[in-house]
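Spelled out from the first residue to the last, the chains are:
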Amino acid sequence: MADNQDNIILEVKDLKLYFPIYRGLIQRVVGRVKAVDGVSFFLREREVLGLVGESGCGKTTVGRTVLRLYDPTAGEIRYHSSSGEWIDIARISQRDMKPLRREMRMIFQDPFSSLNPRLTVKDIISEPLEIHGVARGRAAEQRVAELMEAVGLNPALMRRYPHEFSGGQRQRIGLARTLSLNPRLLIADEPVSALDVSVQAQVLNLLQELQQRLGLTLIFIAHDLSVVEHISDRIAVMYVGKIVEMAETEEVLRHPLHPYTEALVSAIPPADPDIRLERIPLRGEVPSPANPPSGCIFHPRCNYARDICSHQEPPLTEHQNGHYVACHFASELKLRGIGD
Ligand code: SF4
């Protein structure tokens with residue numbers, strides 16, 4: 001999928017993660033939840049890829065599998081490490097994964113449960129430094145102070161506990177901990193969705209500023225296009241374990257080629273409150289990944305579905321210049337984007 005390998009840092013090919021469904025006394029496997037089902041994408045260095053879709057579409061599972069917090073069922077996760085080696089993360093042992101965990105880190109969704117309430121902020125932020133043998137004692141404390149300043153927290157508060165901070169400040173503490181080992185690749189899993197709307201923009205701006213200043217590569221996972229549109233260079237839209245569209249942000253927003261993306265774009269609140277855009281409703285529920293629809297997985301909810309859609313799956317193919325879409329009729333549908 002990646003045309004030029006020069007500045008590619010991550011290439012995921014046909015990634016699958018199926019969770020077994022057990023039933024009965026002897027816990028027989030009676031089915032599989034296809035949480036991730038043939039996902040392919042690439043990431044350039046210093047790029048921000050927004051991974052978007054409704055709850056349960058598999059986006060968080062993709063993020064966790066890329067970091068080998070889950071073992072994939074199939075597929076490749078090729079990572080270009082800082083030592084210049086290409087490593088297939090899907091196939092290495094957890095032991096070989098350990099040094100890579102310094103350069104690939106996750107920002108968690110919930111700043112309340114992701115911080116240990118019994119540790120001070122200093123201990124929370126310095127813990128990765130000690131685990132990886134990077135710094136201890138005074139050197140670690142110095143690094144904690146630098147990191148707190150970098151995320152807009154007063155280092156004088158490092159001996160306080162998480163409960164003494166607001167939600168936005170806790171997410172900043174989590175960010176400082178994530179940055180402590182100078183990572184190259186961050187996976188931010190809905191980093192602002194648990195925060196008050198009033199502080200979401202502050203944390204998003206901080207993340208964007210740090211990404212640019214530190215030259216980080218970022219996968220930004222969100223259920224809402226309006227959250228990722230400002231920070232992402234490209235956007236990949238997921239639906240029931242698959243990527244259905246992927247392109248540069250402007251292209252996805254202005255010229256969506258998949259009917260599901262068109263509906264998500266129509267739900268973005270307009271910048272000008274006097275402009276009333278017609279929202280395209282999504283009928284029905286998101287299907288279960290344990291029993292996904294045949295053919296195109298979106299066909300039961302698609303306003304443009306035809307006969308072929310219910311029995312033939314459209315592959316994700318490049319429609320034009322880096323714009324990928326999985327729809328039989330992408331070339332002929334006239335879908336509405338922002339500004340239409
Ligand atoms: Fe809709 Fe058919 Fe395209 Fe699927 S392939 S998105 S059902 S038109």
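Keep in mind it's a predicted model, so treat the numbers as computed, not measured.

Digging into the overall build of the chain
Here is step 1: Tallying secondary structure elements over the chain gives nine helices and twelve strands in all.
Here is step 2: The C-alpha atoms of the chain give a radius of gyration of 21 Å, which matches the 20 Å a tight globule of 340 residues would have.
Here is step 3: For the chain, the spread of C-alpha atoms along the three principal axes comes to 70 × 60 × 50 Å.
Here is step 4: For the chain, buried positions account for 51% of its 340 residues.

A short note on the pattern of salt bridges
Here is step 1: Taken as a whole, this structure holds 20 salt bridges when the rule is applied.
Here is step 2: Arg 184 is paired through a salt bridge with Glu 103; the nearest N and O atoms lie 3.4 Å apart. With Arg 184 in the loop between α5 (167-179) and β7 (185-189) and Glu 103 in the loop between α2 (94-100) and β6 (104-107), this pair connects stretches of sequence that are 81 residues apart. The same class applies to Arg 184 and to Glu 103, which are both buried.
Here is step 3: The network of salt bridges with shared partners includes Asp 37, Lys 242 and Glu 313.

Here's the deal with unusual backbone geometry
Here is step 1: Although it is not a glycine, Asp 14 adopts a positive phi angle of roughly 50°.
Here is step 2: Here Asp 14 is to be found in strand β1 (residues 8-23).
Here is step 3: Backbone geometry at Val 240 places phi at a positive 45°, although glycine is not the residue there.
Here is step 4: If you trace the backbone, Val 240 turns up in the loop between β9 (234-239) and β10 (242-248).

A few points about helix α9 (residues 259-266)
Here is step 1: Along α9, eight of the eight residues are buried, which leaves the element largely enclosed by surrounding structure.
Here is step 2: Within α9, burial applies to Pro 259, Tyr 260, Thr 261, Glu 262, Ala 263, Leu 264, Val 265 and Ser 266.
Here is step 3: Its buried side turned inward, α9 meets β3 (48-52), α7 (225-228), β9, β10 and α8 (249-254).

Some thoughts on the pairing of β9
Here is step 1: Most of β9 is tucked away, with six of its six residues classed as buried.
Here is step 2: Burial along β9 is two-sided: Arg 234, Ala 236 and Met 238 and Ile 235, Val 237 and Tyr 239, pointing in opposite directions, are all buried.
Here is step 3: Sheet topology note: the β9/β10 ladder contains six bridges and is antiparallel. Across the sheet, Ala 236 pairs through a bridge with Met 246, a residue of β10.

Some words on the domain arrangement of the chain
Here is step 1: One can read the domain layout of the chain as domain 1 (8-103 + 183-325) and domain 2 (113-182).
Here is step 2: Using C-alpha coordinates to define each centre, domain 1 is positioned 29 Å away from domain 2.
Here is step 3: Counting residues at the interface gives 17 residues for domain 1, matched by 14 residues for domain 2.
Here is step 4: Of the roughly 1,300 Å² buried between domain 1 and domain 2, counting both surfaces, carbon and sulfur atoms make up 70%.

Comments concerning the side chain of Glu 229
Here is step 1: Within the secondary structure, Glu 229 is located in the loop between α7 and β9.
Here is step 2: No salt bridge is formed by the buried Glu 229; the nearest opposite charge belongs to Arg 254, separated by 8.7 Å.
Here is step 3: Here Glu 229 is in contact with Thr 249, Leu 253 and Ile 268, once residues within four sequence places are set aside.

Focus on the environment of Val 252
Here is step 1: By secondary structure assignment, the location of Val 252 is in helix α8.
Here is step 2: Measuring from C-alpha to C-alpha, the distance between Val 252 and Gly 337 comes to 7.9 Å, with 85 residues separating the pair along the chain.
Here is step 3: In contact with Val 252, not counting residues within four places along its chain, are Ile 235, Ala 247, Thr 261 and Val 265.

Conventions and cut-offs
- Here the residue numbers are simple positions, counted from 1 along each chain's written sequence.
- Under the rules for a predicted model, residues below a pLDDT of 70 receive no local features and side-chain atom pairs below 80 are neither given nor counted, while totals for whole chains, interfaces and linings still include all residues.
- Heavy atoms throughout the structure, all of them, feed into the side-chain values; hydrogens and water do not.
- Secondary structure elements are taken from DSSP: a helix is a run of H or I of four residues or more, a strand is a run of E of two residues or more, and numbering for both begins at the N terminus.
- The size measure is the radius of gyration over C-alpha atoms, and the globule rule it meets is 2.2 Å times the number of residues to the 0.38 power.
- Partly exposed describes any residue whose relative accessible area lies between the buried limit of under 20% and the exposed limit of over 50%, with all areas from a 1.4 Å probe on protein chains only and scaled to the type maximum.
- We define a salt bridge as a side-chain nitrogen of Lys or Arg found within 4 Å of a carboxyl oxygen belonging to Asp or Glu.
- Contact between two residues is taken to exist if any of their heavy atoms lie within 4.5 Å; hydrogens are not considered.
- Strands were regarded as paired on the criterion that DSSP finds at least two bridges between them.
- Start and end points for every domain follow an automatic or database-based domain assignment.
- When two components associate, each loses some accessible surface as probed by a 1.4 Å sphere; the sum of these losses over both components is called the buried area.
- Charged residues are defined here as Lys and Arg on the positive side and Asp and Glu on the negative side; His and the ends of the chain fall outside this count.

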